[in-house]
Amino acid sequence: MSKLAFVQKNKIPPSPAPISEVGVIGWLKQNLFSSWFNTLLTLLSIYFLFIILKDFIPWAWGGHWDTKSLRECLDLNPDVACFSVLTARWKQLLFGLYPAEEYWRPTVTFILLIFSIIPILFPKFFRFFWFSIIYPGLAIWLLWGGSIWSVGIVYIGFFLGVLLFILLLRNITKNMVIAGISSILFVILFFIFFSNYLVKILDIIIPISLPPVESLKMGGFTLSLIVGITGIVASFPIGILLALGRQSNLPIIKMICVGFIEFIRGVPLITLLFVASVLLNYFLPPGTNFDIVLRVIIMVTLFSAAYMAEVIRGGLAGLPLGQHEASASLGLTYWQSQRLVIMPQALKISIPGIVNTFIGLFKDTTLVSIISLRDPVGLASTIRADQTWNGIYWELYVAIGLMFFVVCFGMSQYSQYLERKLKTDK
Amino acid sequence: MEKTKINITDEVAIHISEMNKWYGNFHVLRDINLEVMRGERIVVCGPSGSGKSTLIRCINRLEEHQKGRIIVDGTELTTDLKNIDKIRSEVGMVFQHFNLFPHLTTLENCTLAPIWVRETPAKEAQEIAMEMLEKVKIPEQANKYPGQLSGGQQQRVAIARSLCMKPRIMLFDEVTSALDPEMIKEVLDTMIQLAEDGMTMICVTHEMGFARQVADRVIFMDDGQIVEQNEPESFFNKPQSDRTKLFLSQILGH
């Protein structure tokens with residue numbers, strides 16, 4: 001028999017791992033003290049944490065909440081935080097210059113916001129999606145006030161348009177394009193000729209209205225949420241279309257998309273906001289009063305749509321060509337294959353980048369303080385200009401930072417949940 | 001605009017005449033003439049770069065031809081998108097790398113096109129899909145995702161996915177080339193079964209055993225041309241052209 005020959009006759013049964021490798025001790029050993037260098041790093045990190053926290057915790061923990069001014073705080077104990085500024089001004093930080101007797105309106109708006117995004121975030125509740133569609137109109141009416149019909153008419157117009165589209169397709173023509181164009185024409189004519197009269201008539205029949213609040217009164221975290229959330233919702237579909245346009249075989253569409261993306265990405269957001277606040281009025285016909293918040297929202301939306309387009313293009317590039325070929329070979333049309341095969345995968349790959357852009361957009365809303373809108377950061381300057389609180393920095397900015405952190409951290413957590421949920425390979 | 005009328009009977013599944021294709025200046029397909037009868041099983045072979053994959057990809061317009069005519073199932077392939085989508089829904093294709101949709105389960109992969117292209121009700125589409133999955137012998141994997149299946153299983157799902165559209169013609173583009181040896185057989189068995197059911201098939205493959213067993217006709221391509229075609233017996237035993245002899249000696253030689 002040759003020396004190479006070997007036959008295993010016994011099957012070795014599995015045995016438990018050594019105690020030093022599992023449990024708490026095992027974890028500590030593996031992750032914190034696996035080598036002398038690792039041990040050194042662990043000890044250094046603990047030391048740094050200690051240095052930072054040993055001053056911060058007493059400062060924050062012992063803070064004053066009920067003094068009348070910064071002076072009073074300093075007299076009591078200059079070494080601890082003076083959170084009294086928050087006690088005194090928290091309503092302003094949240095609602096800006098919104099009339100105090102109407103605070104319930106933004107409050108209700110944001111409670112309803114939670115209900116309106118649940119059907120979008122969790123497919124389990126998708127049957128409540130109708131509320132997500134109604135919500136934007138409801139929010140606009142609650143925040144800006146006026147007659148409910150001036151917002152309702154938009155819904156009525158689109159509802160009639162969709163109804164006409166379906167009726168045309170059912171009874172008159174099979175051609176989607178003809179039906180689509182005629183319904184759009186109808187909606188435009190409706191808004192030009194009928195809507196004003198209809199609003200007046202409806203106002204007489206069912207008068208429901210709230211005292212109007214003008215845009216310059218919007219402020220605080222309310223403003224950040226208005227601009228941020230509208231921007232996020234609007235920039236996502238625009239970003240998808242731009243990404244598809246950039247990949248298009250049609251040269252003119254491609255050129256327009258590339259031009260738009262490169263221009264917007266190449267310009268600082270502040271410049272765009274200045275254009276929105278100052279320059280736009282020169283270009284528009286005199287007398288047009290184009291709401292400042294709306295102008296800001298449009299600029300922020302376009303800005304993040306350009307980034308979004310590039311993020312999604314990355315996802316599209318990550319898909320093998322075979323996916324396009326397979327869906328084409330099954331007879332799916334271009335839009336079907338984009339919607340059912342390509343986009344679900346491309347968007348899944350791009351989730352981290354998309355959420356990154358969303359978070360960036362939300363934090364960029366603080367830039368509106370530069371064009372003298374009163375978002376939390378803008379308000380902080382206003383508050384500090386007040387004699388009573390002159391000289392206060394940390395407490396205000398920590399509170400503002402915390403508000404943004406809660407929202408951004410929420411988005412980040414949701415994106416991780418989504419990534420886990422959509423994982424299909426294992 | 002009516003071009004010369006070509007007389008095509010119902011028996012002809014695919015008619016290709018004087019077809020040429022270029023990639024830029026590179027002449028990939030040269031004067032291809034091919035007529036495929038209904039129910040005919042054709043195996044296309046040839047060295048890599050000979051244009052055999054390009055040829056079958058032209059049949060469902062994954063590649064565009066620049067000259068000549070291709071008529072599939074009585075419909076001519078032109079730039080008309082409607083014709084292209086119609087032909088694609090009648091012609092099934094299976095790829096070397098499976099190209100299953102990884103975000104959908106096996107069953108959803110199979111029902112997607114019937115539901116959206118054929119507008120089959122979801123319930124009926126699922127029944128058809130289960131029937132096809134049984135045909136390829138993996139109904140138990142219906143609710144798994146492609147990433148959880150072996151290569152051979154994925155390829156059989158890909159075949160089932162095409163079959164769910166009830167195609168009249170099936171194109172197979174080197175479907176066993178990316179598989180481990182022990183999985184090739186299960187896929188070939190599925191294809192043999194399909195051939196026995198009378199499906200019109202064009203297979204680009206290097207599996208000469210399969211060609212011998214099921215093909216009605218073997219086509220040998222080289223440098224973008226059809227060099228030789230014959231029934232398998234004569235093709236393998238008495239090849240006429242030198243290039244065919246060389247190719248056969250290379251792939252059968254060991």
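Residues numbered from 1 in each chain as written. Chains lettered and ligands numbered in written order. Predicted model: local features only at pLDDT ≥ 70, side-chain atom pairs only at ≥ 80, totals over all residues. Heavy atoms only, no water.

S.K.: I keep staring at the overall build of chain B and nothing clicks. Help me out?
M.R.: Within chain B, the secondary structure is distributed over nine helices and 10 strands. In terms of overall dimensions, chain B has C-alpha extents of about 55 × 50 × 35 Å along its principal axes. Within chain B, the proportion of its 254 residues that are buried is 55%. Contacts spanning at least 24 positions in sequence make up 66% of the contacts within chain B whose residues lie at least 6 apart. When the accessible area of chain B is evaluated, it comes to approximately 11600 Å², of which 47% is carbon and sulfur surface. For chain B, the distance from the average position of its 29 positive side-chain charges to the average position of its 37 negative side-chain charges is 2 Å. (Helix = DSSP H or I, 4+ residues; strand = E, 2+ residues; numbered from the N terminus. Buried < 20%, exposed > 50% of the residue type's maximum accessible area, 1.4 Å probe, protein only. Contact = heavy atoms within 4.5 Å. Areas by Shrake-Rupley, 256 points an atom, 1.4 Å probe, with all protein chains shown as cover. Lys, Arg positive; Asp, Glu negative; His and termini not counted. Charge placed at Lys NZ, Arg CZ, Asp CG, Glu CD.)

S.K.: What should I look at first to understand the nonpolar core in this one?
M.R.: One recurring pattern in soluble globular proteins: nonpolar side chains tend to sit buried together. Judged by nonpolar contacts, the single largest core of 120 residues is most densely connected at Ile312 of chain A together with Ile14, Ile16 and Ile202 of chain B. Apart from the residues lying within four places of it in its own chain, the contact partners of Ile16 of chain B are Ile32, Asn33, Leu34, Leu55, Ile59, Arg69 and Ile70 of chain B. Residues Ala129, Met132, Met201 and Val214 of chain B belong to the second largest nonpolar core, which totals 47 residues. (Core = buried A, V, L, I, M, F, W, Y, C linked by side-chain atoms within 4.5 Å.)

S.K.: Is there a simple way to explain the interface of chain B and chain A in this structure?
M.R.: Where the parts come together, the accessible area they lose is often given as the size of the interface. Between chain B and chain A, the contact holds 24 residues from the first and 20 residues from the second. Counting each side, the surface lost to burial between chain B and chain A is near 1900 Å², with a carbon and sulfur contribution of 61%. When residues of chain B are sorted by the area they lose upon contact with chain A, Phe101, His103 and Trp116 of chain B head the list and together hold 29% of the total. A salt bridge links Arg57 of chain B to Glu325 of chain A; the shortest N-O distance between them is 2.5 Å. Scanning the region where chain B abuts chain A turns up six residue pairs in polar contact (both at pLDDT 80 or more). Sorting the residues of the side of chain B that touches chain A by element identifies helix H2 (81-90), strand E6 (91-94), helix H3 (106-116) and helix H5 (151-163) of chain B as the ones contributing at least two each. (Buried area = accessible area lost by both parts, 1.4 Å probe. Salt bridge = Lys/Arg side-chain N within 4 Å of Asp/Glu carboxyl O. Polar contact = N/O pair within 3.5 Å; in protein donor to acceptor, adjacent residues only side chain to side chain.)

S.K.: Before we go on, may I ask you to explain the confidence of the model for chain B in this structure?
M.R.: Detailed reading of the predicted coordinates is not advisable wherever pLDDT falls low. Scored by pLDDT, chain B comes out at a mean of 90, with 96% of its residues at no less than 70. Both scores are given for the predicted complex: the pTM is 0.84, the ipTM 0.90. (pLDDT = per-residue confidence, 0-100.)

S.K.: Any chance you could explain the pattern of salt bridges here in plain terms?
M.R.: Charged atoms that come close allow side chains of opposite charge to pair. Residue and element names in this part refer to chain A. For the coordinates displayed, the defined rule picks out 23 salt bridges over all chains. With a closest N to O distance of 2.3 Å, Arg89 and Asp386 form a salt bridge. Of this pair, Arg89 sits in helix H4 (residues 84-95) while Asp386 is found in the loop between helix H15 (376-385) and helix H16 (394-421), placing the two residues 297 residues apart along the sequence. Here the salt bridges do not stand alone but share partners, grouping Arg246, Glu262, Arg265, Glu310 and Arg313 into one network.

S.K.: Which parts of the structure should I look at to understand the sheet that holds strand E4 (residues 67-72) of chain B?
M.R.: Within a sheet, neighbouring strands are paired by backbone hydrogen bonds and run either parallel or antiparallel to one another. Residue and element names in this part refer to chain B. If you trace the four strands from one edge of the open sheet to the other, you get E2-E1-E4-E5, paired in antiparallel fashion. For this open sheet the edge positions go to strand E2 (26-37) and strand E5 (75-76), each flanked by a neighbour on one side alone. Sheet topology places strand E1 (residues 12-23) next to E2; eight bridges connect them, and they run antiparallel. Residue pairing in the sheet places Lys21 in a bridge with Leu29 of E2. Packed onto the sheet, helix H1 (residues 52-59) meets E1, E2 and E4 and runs at close to 120 degrees relative to E1. (Pairing = 2+ DSSP bridges. Axes fitted to C-alpha atoms, helices over the stretch in contact; angles between N-to-C directions.)

S.K.: Please clarify how the sheet that holds strand E9 (residues 217-222) of chain B should be interpreted in this entry.
M.R.: Residues and elements named next belong to chain B. Strand order across the open sheet formed by six strands is E6-E7-E8-E3-E9-E10, with mixed pairing between neighbours. The open sheet has two edge strands with one neighbour each: E6 and strand E10 (225-230). Each strand axis lies, on average, 20 degrees off the axis of its neighbour in the sheet, ignoring direction. Sitting on the sheet, H5 is in contact with E6 and strand E7 (169-173), with an inclination near 170 degrees to E6. In this fold helix H6 (residues 181-196) packs onto strand E3 (41-45), E7 and strand E8 (200-204), with an angle of close to 150 degrees to the strand it touches most, E8.

S.K.: How should the pairing of E6 of chain B be read in this particular structure?
M.R.: Side-chain positions along a regular strand alternate between the two faces of the sheet. Residue and element names in this part refer to chain B. Burial along E6 is two-sided: the face carrying Val91 and Met93 and the face carrying Gly92 and Val94 are both buried. Taken together, the four bridges between E6 and E7 define a ladder with parallel strand orientation. Note on E7: the bridge partner recorded for Met93 is Leu171.

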